[in-house]
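# Observations on the model geometry
One-letter residues, chain by chain:
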Amino acid sequence: MSTVASSSQLTTAEPRRPWAVSRSTRLLGFGRILAFAIAAFFATIFTPLANVDGWAVAFLLINLAWVIGIASKLGAKERRDAVLRVVITSLAVLAFVPWLSILVTVILKGYRAIYPGYFVSDMRTSTPDDELNIGGAGHAIVGSLIMVAIATVVTLPLGILTGIYLTEVRGRLTFLVRFIVQSMAGVPSVVAGLFLFATVVKSMGQYSGLAGGLALAVLMLPTVSRTAEEVLKLVPDDIRSAGYALGARQWRTALLVVLPTVRAGLSTAAILGVARVIGETAPLLLTSLNTNGFVWNPIGGTVASLPTYIFAMFMYGTDYSNARAWTGSLVLLALVFFFFIIARRLGNKSALKANANRRK
Amino acid sequence: MTQTQITTSQGTNQQSGETSKFIGLETQGVHAWFGKHHALSNVSLRFPERTVTGLIGPSGCGKSTFIRLLNRMHEFIPSAAMAGSVLLNGSDIYAPEEDPAMIRLKVGMVFQKPNPFPAMTIRENVLAGIRLAHLKRSNHDEIVEQCLTRAGLWKEVKDRLQASGGSLSGGQQQRLCIARSLAVEPQVLLMDEPCSALDPGSTLRIEETIKELAEKITVIIVTHNMQQASRVSDYCAFFLTDGGPGYLVEADATRKMFTNPTDSRTADYVQGKFG
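Residues numbered from 1 in each chain as written. Chains lettered and ligands numbered in written order. Predicted model: local features only at pLDDT ≥ 70, side-chain atom pairs only at ≥ 80, totals over all residues.

### Details of the overall build of chain B
- Along the backbone of chain B there are 10 helices and 10 strands.
- A compact globule built from 275 residues should have a C-alpha radius of gyration of about 19 Å, and chain B, at 18 Å, falls within 12% of that.
- When its C-alpha atoms are laid out on the principal axes, chain B stretches across 50 × 45 × 40 Å.
- Considering only contacts in chain B between residues 6 or more positions apart, those separated by 24 or more positions represent 70%. (Helix = DSSP H or I, 4+ residues; strand = E, 2+ residues; numbered from the N terminus. Rg over C-alpha atoms; globule rule 2.2 N^0.38 Å. Contact = placed C-beta atoms within 7 Å.)

### Considerations on the interface of chain A and chain B
- Listed per partner, the contact involves 23 residues of chain A and 25 residues of chain B.
- Contributing elements (two or more residues each) for the side of chain A that touches chain B: α9 (237-245), α10 (250-261) and α15 (351-359) of chain A.
- Among the elements that take part in the side of chain A that touches chain B, α9 of chain A stands out by supplying seven residues, more than any other.
- Its residues assigned to classes, the side of chain A that touches chain B shows 12 nonpolar, six polar and five charged. (Nonpolar A, V, L, I, M, F, W, Y, C, P; charged D, E, K, R; others polar.)

### A closer look at the environment of Asp263 of chain B
Residue and element names in this part refer to chain B.
- Along the chain, Asp263 falls in the loop between α9 (254-259) and α10 (264-270).
- Given 16 C-beta atoms within a 10 Å radius, Asp263 is considered partly exposed.
- Each C-alpha atom, one on Asp263 and one on Ala251, is 10.0 Å from the other, the two residues being 12 residues apart in sequence.
- With near-sequence residues (within four places) excluded, Asp263 lies in contact with Val249 and Glu250. (Buried ≥ 20, exposed ≤ 12 C-beta atoms within 10 Å, placed from the backbone.)

### Topic: helix α3 (residues 122-132) of chain B
- With nine of 11 residues buried, α3 of chain B is to be regarded as a mostly interior element.
- Taken residue by residue, α3 of chain B has Ile122, Arg123, Glu124, Asn125, Val126, Leu127, Ala128, Gly129 and Leu132 of chain B as its buried positions.
- Contacts from the buried residues of α3 of chain B go to α9 and α10 of chain A together with α4 (140-150), α5 (154-157) and α6 (170-182) of chain B.

### Brief notes about the domain arrangement of chain A
All names here are of chain A.
- Domain boundaries assigned for chain A yield domain 1 (24-112) and domain 2 (138-359).
- Put simply, the middle of domain 1 and the middle of domain 2, counted by C-alpha atoms, are 38 Å apart.
- The interface of domain 1 with domain 2 comprises five residues on the first partner and six residues on the second.
- Residues belonging to the side of domain 1 that touches domain 2 are distributed by class as follows: two nonpolar, one polar and two charged. (Domains from an automatic or database assignment.)

### Structural notes on the packing of helix α3 (residues 51-70) of chain A against helix α4 (residues 76-110) of chain A
Residues and elements named next belong to chain A.
- In contact at an axis separation of 10 Å, α3 and α4 are set at 165° when each is read in the N-to-C sense. The orientation of α3 with respect to α4, classified from their angle, is roughly antiparallel. Note that α3 runs across α4; the crossing there is right-handed. The residues of α4 that touch α3, namely those facing Val52, Asp53, Ala56, Phe59, Leu60, Asn63, Leu64 and Val67, are Ala82, Val83, Val86, Ser90, Val93, Leu94, Val97 and Ser101.
- Its residues assigned to classes, the contact of α3 with α4 shows 12 nonpolar, three polar and one charged. (Axes fitted to C-alpha atoms, helices over the stretch in contact; angles between N-to-C directions. Parallel < 35°, antiparallel > 145°, perpendicular 65-115°, else oblique. Left-handed = near helix turned anticlockwise from the far one by under 90°.)

### Quick word on helix α8 (residues 209-233) of chain A
All names here are of chain A.
- Relative to the 36 Å expected for 25 residues at 1.5 Å per residue, α8 spans 35 Å between its end C-alpha atoms, a close match to the ideal helical length.
- Taken as a whole, α8 carries its principal kink of about 40° at Met220; the proline Pro222 stands between one and four residues after it.
- A large share of α8 lies buried, amounting to 23 of its 25 residues. (Expected span 1.5 Å × (residues − 1). Bend = angle between axes of the 7 residues up to and from the residue.)

### Regarding the sheet that holds strand β1 (residues 24-34) of chain B
Residues and elements named next belong to chain B.
- Spatially, β5-β4-β1-β2-β10-β9-β3-β8-β7-β6 is the arrangement adopted by the 10 strands of the open sheet, whose pairing is mixed. Edge positions in the sheet fall to β5 (91-92) and β6 (107-110), since each has one partner strand and no second.
- In the sheet, strand β4 (residues 80-88) pairs with β5 via two bridges, with the strands oriented antiparallel. Its bridge partner being in β5, Leu88 is matched across the sheet by Ser91.
- This element, α6, spans β6 and β7 (188-192) of the sheet and lies at about 170° to β6. (Pairing = 2+ DSSP bridges.)

### Topic: the pairing of strand β8 (residues 218-222) of chain B
Residue and element names in this part refer to chain B.
- Counting buried positions along β8 gives five out of five residues, so the element sits mostly inside the fold.
- On β8, burial covers both faces: Thr218, Ile220 and Val222 on one face and Val219 and Ile221 on the other are all buried.
- Relative to β8, strand β3 (residues 52-56) is paired through four bridges, and the arrangement is parallel. Among the inter-strand pairings, Gly54 is bridged to a residue of β8, identified as Ile221.
- Regarding topology, helix α7 (residues 200-213) serves as the crossover connection from β7 to the parallel β8, and that connection is right-handed. (Right-handed = clockwise from strand over helix to strand, strands pointing away.)

### Notes on the nonpolar core
- Grouped together as the largest cluster of nonpolar side chains are 147 residues, with contacts concentrated most on Ala179 and Phe238 of chain B.
- Ranked by residue count, the leading element in this core is α8 of chain A, at 14 residues.
- In this view, Phe238 of chain B contacts Ile56, Gly57, Val249, Glu250, Ala251, Met257, Thr266 and Tyr269 of chain B; residues no more than four positions away in its chain are not counted.
- Within the second largest apolar cluster, five residues are counted, among which are Ala40, Trp55, Ala58 and Phe59 of chain A. (Core = buried A, V, L, I, M, F, W, Y, C linked by C-beta atoms within 7 Å.)

### Section: the confidence of the model for chain B
All names here are of chain B.
- Summarising the model, chain B shows a mean pLDDT of 89, and 92% of its residues fall at 70 or more.
- Between residues 7-18, whose pLDDT stays under 50, and residues either more than four places distant or in other chains, the model counts 16 contacts.
- This prediction of the complex comes with two scores: 0.78 for pTM and 0.86 for ipTM. (pLDDT = per-residue confidence, 0-100.)

### Description of unusual backbone geometry
All names here are of chain B.
- The residue Arg50 is not glycine, and still its phi comes out positive at about 50°.
- As for its position among the elements, Arg50 is in the loop between β2 (37-48) and β3.
- What makes Arg50 partly exposed here is the crowd of 15 C-beta atoms within 10 Å.
- Despite not being glycine, Glu185 has its phi angle at roughly 55°, a positive value.
- Relative to the assigned elements, Glu185 resides in the loop between α6 and β7.

See the structure below:
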């Protein structure tokens, strides 16, 4: 008793982290990586290795050389650890490079044509070759959002119902349904466009935002249903059992217990689907085509969209039109990014996750 | 209530029709299979109204299988099969005209692992059964308070009924699950090792809850804890397996089972000599 008491009185403990890597070690490691990165850059100038991929290969080789250089100082297990660490880190960097390259290129080339009017004006009174401070892609943004909204409204209920059929009902057709969903994921987007061209566009006698939205829905459905299925699979069976044990029928349990549990995951499914189709060009060229002005009516003829806007601007081929196309790409990327951010935020609010965190 | 409260398969024969309708839950020659695996053999038991019966026995002897037969949860396992009959107040719950969802309303269940609905608040969890089963109730506030009180949780959560069910501790979650089962007013409550994941304090609370529940409903509890069985139950049924299907060894008043059982294996088991 007395020893316990005295020890607690004596404590003037400073919190510290004996396991932490010291600052100097970290700086040294960072400096080394930086030096190697610069060396790899020179390698791309003086050797046949070129461009970012060449740089990444050089970077990997220099790192490997360094590891082999210090290998004699290390034990067998440490050596293997060091080599694997270099290989894995370098491959991660390698995978990161194209992504970064695309992003940087689009931002560098795309910022040129940005001015506030770009987001609110259309191209009715300006040509693609006009100065960059007139005209814009507002009509394309609106068209894209309308068509994606149509696709989402059609796809989300269908996708969720498919997910429920595959995980909750597990009916006799489960195998067939899953097979069809998976093969739909492989449908070339231009075929989806042709399908809607042959059905909706032909029967309506005109191109329309509705046809475009439906073509996007065909492409979006597999993504949404597969994500919904994966998300619904995460719901533990004991939650379903609890529902049944309370005298609930299966559809009530699915509707009132299982679906609310994965509300966030289902939003993520929808947004992944949106991100999948918002950049599709081929199906829209066959269904909604392109136009120069704002079109709010989805059955009122051709509609502009960001991908077809970008396509048209590049086809025009002048310096100013190219700049407009790059800015369109930047806006498209920003939209996808924005949707992903929303998906992540919703995902973090997931009730299931909150529960899992609690149990840790 | 002068007749033998609990009848084993070796004991008195039931002659349905001749005796007056037995009030409570009763099984007659119940068997269970999973595919070709014969899991449970010939169990006949009576669970009188407003009593607590403990089902004891080593792991794998079919206690959980048996308890899941009592509210038709057994049939959710695709390969499952059964034989015999389960009578609730004299009528067979496996009769073709019976609706399994209605049976589960009358015979509620609390699971081994606390499983509150994660997307619902504490209040919504309690009312979940009413919403799920489409029951018409107007006095929701009253039901929430009453059920949480009976489950021994009201004092701890009355100020945060809008908090998520998942934000409670394990023991509180289990009591929330009990409250949830009570809200649909079952006649029988099945509990499948309800305390196995809980600390001693929470266990004690739930045991008190069980005793209070038995003033109104029939409780059947599977437990691996002999002390718990002796503390909470009025009757005990001892299951065993010899490698084959599980079977009922003996069932009697708890006091007799723990002091002077008929079968020597029961004596060995309750004294902790095996299992």
